[in-house]
Amino acid sequence: GSFLINELMQVATCPNTNEALFKHKIENTFKNGKVAKLGLVYISQPLLHESWIEEVMHHCAMPRYLPMVIPPRPWEDINRGCYLKLRPDLMRTNGNIDQIDAIRRAQMPKIYDGLNALAKVPWRINKEMLEIIDTAWHQAQCRFPEFPNFESIQEPQEPTEQIQELKNLTKIVTDDEIDPDHIHKLKQHCTNYYRRIRKIRKINTEQHSLRCDLLIKLKIAHDFKDDQAFYFPYNLDFRGRAYPIPPNLNHLGSDVCRSMLTFAEAKPLGTNGLYWLRVHLANLFGKSKSSLQERVQFTINNQQNIFASAQEPFQTNWWLEADEPWQALATCKEISAALNYPDGPENYKSSLPVHADGSCNGLQHYAALGRDHEGGKQVNLLPGDQPRDVYIGVCEKIVEKIDKITAGDTDILYEVFPDIDKDDDRKNNKIKMAHILDGIIDRKVVKQTVMTSVYGVTFIGARDQILKRLYDKVEEILAAPDNYAKKYAQLIQLDVIDAKTKELNEKELMKASQFAAALTLHVLSELFQSARKIMTWLGECASLISQAEQPVSWITPLDLPVVQPYRKDSAHVVRTLTQKINLFDNSTELPISTQKQKTAFPPNFIHSLDSTHMLLTAIEMDRRGLTFTAVHDSYWTHANDVPIMNTTLRSCFFELYSQPILEDLLDSFQIRYQHIDFPPIPERGKLNLAEVKQAPYFFS
């Protein structure tokens, strides 16, 4: 293959200039914090300017799997279903032979039923929204949410004089001739330049990719806009989560994608539909932590804004304030059309999908597994007049601890960092970190860490998540220091901001993010004790199994076998005519990766349960003859059918967790690995799971 590529690059030239049409180049790239070399074959400028190249590149860029214009064939076997000619697999196994063998032997009719129920939902393109998005995209002078930048960021000019001077100075061997401060300034200047260049090039590459992605989605939308109905066939990942097979335009995509899609069937709003459309719009504006009545009232209070947005979206900015503005605009148009319908809104036929989202769904599953009363209360498994916001709950606990530390109560430090001594310099450093974080920790800073904690986020992962948010916070302060005068002065005093250059001290911010990550994980373990115990138990079981050189595997309540694929990679370096190439072997003969098996099992197990809940709901909604689809923990149906969906998904959740899930898991482990002494299942709490049926904010 390398020989053929090399020959192509030599013989493929431009007829007029004899310039090579393809060029090979080795570039430095960064992977896992290390410099790595990447070999690339570029298309040269003469070839890009050929008239026929656009059609060829367009053909190559279009995906193979597209939506279907007829209902997909029902899944009957792991290789038979969906498309008539293409043969996608039931599961995305990535070549894991153990997983393929397991599903080949499995009897799992409910898995087929769930996927077939999702695939039979007919969709169509919302032409009105497609036209608006097209117009917005072509108005290059405007900036709209979710749209990538039209132009790349200009790179700063290379400081050639400073670079050359630094090279010359490093050749001087006599210390007397060197000014250390001057060399330090030159190095800092050059370092800052290269750091900015890397950042700009990364942004430009991402923006280019996003532009291409959006154009492909718009092209597919235009291709299907005149179809009365089309369908998304589904398959699974190895944990059992369901995904549409067409990869580009589908309802799992971005806000822009979702706004262009609507159910093909329109149903009268009836007595409940308008109420749930209003709740849906409020959710899209980020009001999901308000009561249902407050959400409805928010929409009623903004009725004139809704009408204005629906009629003149480019002259109205209100819809742009939404968390998901394009879906908000589509909902404004639906509500406006319903309220203006001559026969009354209850007779208006709506096809807009209305969502009900889980409340930190991973923690909901852990709370149900552990019958954790306090944890279940935090994530709305229990009835209440107002929804609980777990992110605010965690944030308030962290702020409370920071306030105590900055006020002189350092006992908390020994709870979070038991290894520090009372006279240790580290204690003073931790107090300094608390002062840095004082006043800048909010819901947004901790949200991602709380969300991913149930999926096994490590301390390093939590630190990096919080670091990004802290970086944004300090950049905000630097951009408007007068608005944050007190905090700005404090950050200068604490060496987070350089008083002279006004630059950010990334080292100090990194330390602060480490402190915040430790504090966040500590608070989570306090609030969700049962979840933490079960997570630890699952990890211990996985560790014992993988130490016996076996991959961790289990069977979901829908009889789907799951085999974790994690093994130690085996790389082979092959020298070719053009460059060295690393080949990675993922054979099942390779040794088990104990660490990956252990850390991945708790989140993968929870993912297999949340997918079970979703598929159970899909099967029941299909049995009732109702339209249903989902994006993992976001369940969708017609506006007037939301009450039925709410009842169904709660009943399915109760049914799922009324089963002895952990007991069955332990029994299967003990039968298969009789030589391993597994730890007992952690003691469960006192949560009455039946109360979830009356919990209005479980999904809302």
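This section reports on the structure supplied with the text. Sequence order as written defines residue numbering, which begins from 1 separately in each chain. Totals for whole chains, interfaces and linings use all residues, but because this is a predicted model, local features are given only for residues with pLDDT of at least 70 and pairs of side-chain atoms are given and counted only at 80 or more. The basis for every side-chain value is the complete set of heavy atoms in the structure, and neither hydrogens nor water enter the calculation.

1. Overview of the nonpolar core
Step number 1: Counting 182 residues, the largest nonpolar core has W326 and F605 as its most contacted members.
Step number 2: Element by element, the count of residues in this core is highest for helix α22 (residues 506-527), at 11 residues.
Step number 3: Aside from chain neighbours lying at most four places away, what touches W326 is M129, I132, I133, A136, F144, P145, E146, F147, D255, V256, S259 and W319. For the purposes of this section, nonpolar cores are sets of buried Ala, Val, Leu, Ile, Met, Phe, Trp, Tyr and Cys residues that join through side-chain atoms within 4.5 Å. Here the term buried applies to any residue with accessible area under 20% of the maximum for its type, exposed to any over 50%, and partly exposed to those in between, with areas from a 1.4 Å probe on protein chains only. Helix numbers and strand numbers start at the N terminus; a helix is a DSSP run of H or I with at least 4 residues, a strand a run of E with at least 2. Any two residues whose heavy atoms approach within 4.5 Å are treated as being in contact.

2. Points about the sheet that holds strand β5 (residues 91-92)
Step number 1: Strand pairing is defined by DSSP finding a minimum of two bridges between the two strands. Strand order in the open sheet made by the three strands is β5-β7-β8, with mixed pairing throughout. With one partner strand each, in any of the chains shown, β5 and β8 (242-244) form the two edges of the open sheet.
Step number 2: Axis lines are fitted to C-alpha atoms, over the contacting stretch for helices. Their N-to-C directions set the angle, which ranges from 0 to 180 degrees. This element, helix α5 (residues 109-119), spans β7 (234-237) and β8 of the sheet and lies at about 130° to β7.

3. Some details on the layout of surface pockets
Step number 1: Residues are said to line a cavity or pocket when one of their atoms sits within 4 Å of a point; the points come from a 1 Å grid over protein atoms alone, cavities being sets where a 1.4 Å probe fits but cannot get out and pockets being open sets with protein on both sides within 12 Å along at least five of seven lines. Grid points are joined across faces, edges and corners, and a volume is the space filled by probe spheres set on the points. In this model, the second largest pocket occupies a volume close to 1300 Å³.
Step number 2: For the second largest pocket, the lining is made up of 36 residues, of which S288, D357, Y391, K447 and M451 are closest to its centre.
Step number 3: At the level of secondary structure, the elements contributing two or more residues to the lining of the second largest pocket comprise α10 (273-284), β12 (354-357), α14 (361-370), α16 (390-406) and α19 (443-453).
Step number 4: The element best represented in the lining of the second largest pocket is α19, accounting for five residues.
Step number 5: Considered class by class, the residues forming the lining of the second largest pocket number 10 nonpolar, 14 polar and 12 charged. Residues are grouped as follows: Ala, Val, Leu, Ile, Met, Phe, Trp, Tyr, Cys and Pro are nonpolar; Asp, Glu, Lys and Arg are charged; every other residue, Gly included, is polar.

4. Description of the pairing of strand β18 (residues 634-637)
The side chains of a regular strand alternate between the sheet's two faces.
Step number 1: Side chains of β18 alternate between two faces, with S634 and W636 and Y635 and T637 buried alike.
Step number 2: Where strand β17 (residues 629-631) and β18 come together, three bridges link them in antiparallel fashion. Looking across to β18, one finds that V631 is bridged to S634.
Step number 3: Remark: two residues form the turn of the hairpin made by β17 and β18, two consecutive strands paired antiparallel; H632 in that turn has positive phi of roughly 60°.

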